[in-house]
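# Chains, contacts and geometry: an overview
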Amino acid sequence: MTDRIVLAARNNALWCDAVARSHGVSTTLDADAWTAATRTPPYYPDAVTLSPTVGEYDVLARVDGSDGCSVKDSWARLDLAPEDFARLVVGEWVWLDPRTPTGDAGPGWRPVTSATGMAAWVRAWASDPDAEAILQPTLLDEPGVHVLAQHAGSADDAPVVAGAIVHVTGEVAGIGNVFTLDGDAHRAWAQAAAVARTVADGLPLVGWEAGDSLDAALAAGAEQLGPLAVWLR
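## What about the packing of aromatic side chains?
- Throughout the structure, instances matching the rule amount to 3 aromatic pairs.
- Ring geometry for Tyr43 and Trp125: centres 5.9 Å apart, planes at 85 degrees, overall edge-to-face. Here the residue Tyr43 occupies a position in the loop between strand S2 (33–36) and strand S3 (47–49), and Trp125 occupies one in helix H3 (residues 115–125), the gap between them amounting to 82 residues.
- When the ring of Trp121 is compared with that of Trp125, the centres are 5.9 Å apart and the planes differ by 25 degrees; the resulting orientation is stacked. Taken together, the residues Trp121 and Trp125, both in helix H3 and 4 residues apart, mark about one turn of the helix.
- Directly above the aromatic system of Trp95 lies the positively charged group of Arg4, at a separation of 4.4 Å from the ring centroid.

Structure (C-alpha cells):
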C-alpha cells in the first residue's frame, strides 16, 4: 500500500506543482517532499510529503511557515500542532484499478480545450468569484492534464453541470476536482471515473477524497490506501 501511496502522493504533488508554476511560484521536488518557496494559490498546499519518514522540521524548513502555510501530510504521520498548525481536513487516498467496472460515463461529457471553456468550468466548480484566477487556462497546455466537463446540452456554450480533472503522470492518472451541480456525488464520481479512463491510457486512477466524496469514490469501486491530513497555520 505504501508504494501506491507514494504514486498517488507524487501524482498529487505534480498537479499542485502545475498550479503553483502557473502563478509563477518557484517549486522543488525530491524523494521526501514537494515544496513551494512562496505562498501557493488558495486551496493548494505549500508542501506535500512524498516519504513516510520525512520529519516535521525537514518540511517546514523548506517553506514560508508564516500564517496561512499549509502542508499535505501524505501519511497522516506528522505532528505540526506544536508549531501552531491545526488539522484542516483528514482524508483517504483512493485507487481505482483499471479492471474495476464503473459503468458508462453518461451524456454530455467532453474535454475542455479553450480559455473560455476553462473559465466556464471553474465558475461551475467553485462559487468563489476569485476561483477563475486560481485554475488558469494555461493548465490546459500542461502535459498529461485533461479538464473534463459535462454539459447540459450539445451546444458549445451549454452550461457546465459536472466536471473533473485528470492528470496522467507515469504509472498512474490522478482524478480530482470532481463536482456536480445536482448534488449527486455518487453519480458524478462514477461518471467522472468512466470518462477519465478514456484519457488515462489504461492506468489506475488515484486521488484523495473525504466525507461524501470518499463515499462516492468507494461506491464507484475505488479502494482506500491510507489516510492523509492537511495542516494549516
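On we go.
## A short note on the sheet that holds strand S4 (residues 70–73)
- Pairing within the open sheet is mixed, and its 11 strands lie in the order S1-S2-S3-S4-S11-S5-S10-S9-S8-S7-S6. At either end of the open sheet lies a strand with only one pairing partner, and these are strand S1 (27–29) and strand S6 (109–111). Between one strand axis and the next, the sheet turns through 20 degrees on average, direction left out of account.
- One ladder, built from 2 bridges, connects S3 with S4; its direction is parallel. Bridging from a neighbouring strand, Ala47 pairs with Val71 of S4.

## A word on the pairing of strand S7 (residues 145–151)
- Counting buried residues in S7 gives 6 out of 7 residues, a clear majority hidden from the surface.
- For S6 and S7, the ladder comprises 3 bridges, and the chain directions are antiparallel. Considered in S7, the bridge of Arg110 is made with Ala149.
- Across 7 bridges, the pairing between S7 and strand S8 (residues 160–169) is antiparallel. Across the sheet, Ala149 pairs through a bridge with Gly163, a residue of S8.

## Considering the nonpolar core
- Among the nonpolar cores identified, the biggest contains 39 residues, and Trp15, Trp34, Met118, Trp121, Leu135 and Val147 are the most heavily contacted of them.
- The set of elements that each furnish at least two residues to this core consists of helix H1 (2–21), S2, strand S5 (86–96), H3, S7, S8, strand S9 (172–180) and strand S11 (223–232).
- The greatest single-element share of this core, amounting to 9 residues, is contributed by H1.
- What Met118 contacts, discounting residues up to four positions off in sequence, is Val112, Leu135, Gln136, Pro137, Leu139, Leu140 and Val147.
- Core analysis: the next-biggest nonpolar cluster, separate from the first, contains 27 residues, Val168, Leu203, Leu205 and Leu214 among them.

Here is what the cut-offs are and how they apply
Residues numbered from 1 in each chain as written. Predicted model: local features only at pLDDT ≥ 70, side-chain atom pairs only at ≥ 80, totals over all residues. Heavy atoms only, no water. Phe/Tyr/Trp six-rings, centres within 6.5 Å; stacked < 30°, edge-to-face > 60°. Helix = DSSP H or I, 4+ residues; strand = E, 2+ residues; numbered from the N terminus. Lys NZ or Arg CZ within 6 Å of the ring centre and 35° of its normal. Pairing = 2+ DSSP bridges. Axes fitted to C-alpha atoms, helices over the stretch in contact; angles between N-to-C directions. Buried < 20%, exposed > 50% of the residue type's maximum accessible area, 1.4 Å probe, protein only. Core = buried A, V, L, I, M, F, W, Y, C linked by side-chain atoms within 4.5 Å. Contact = heavy atoms within 4.5 Å.

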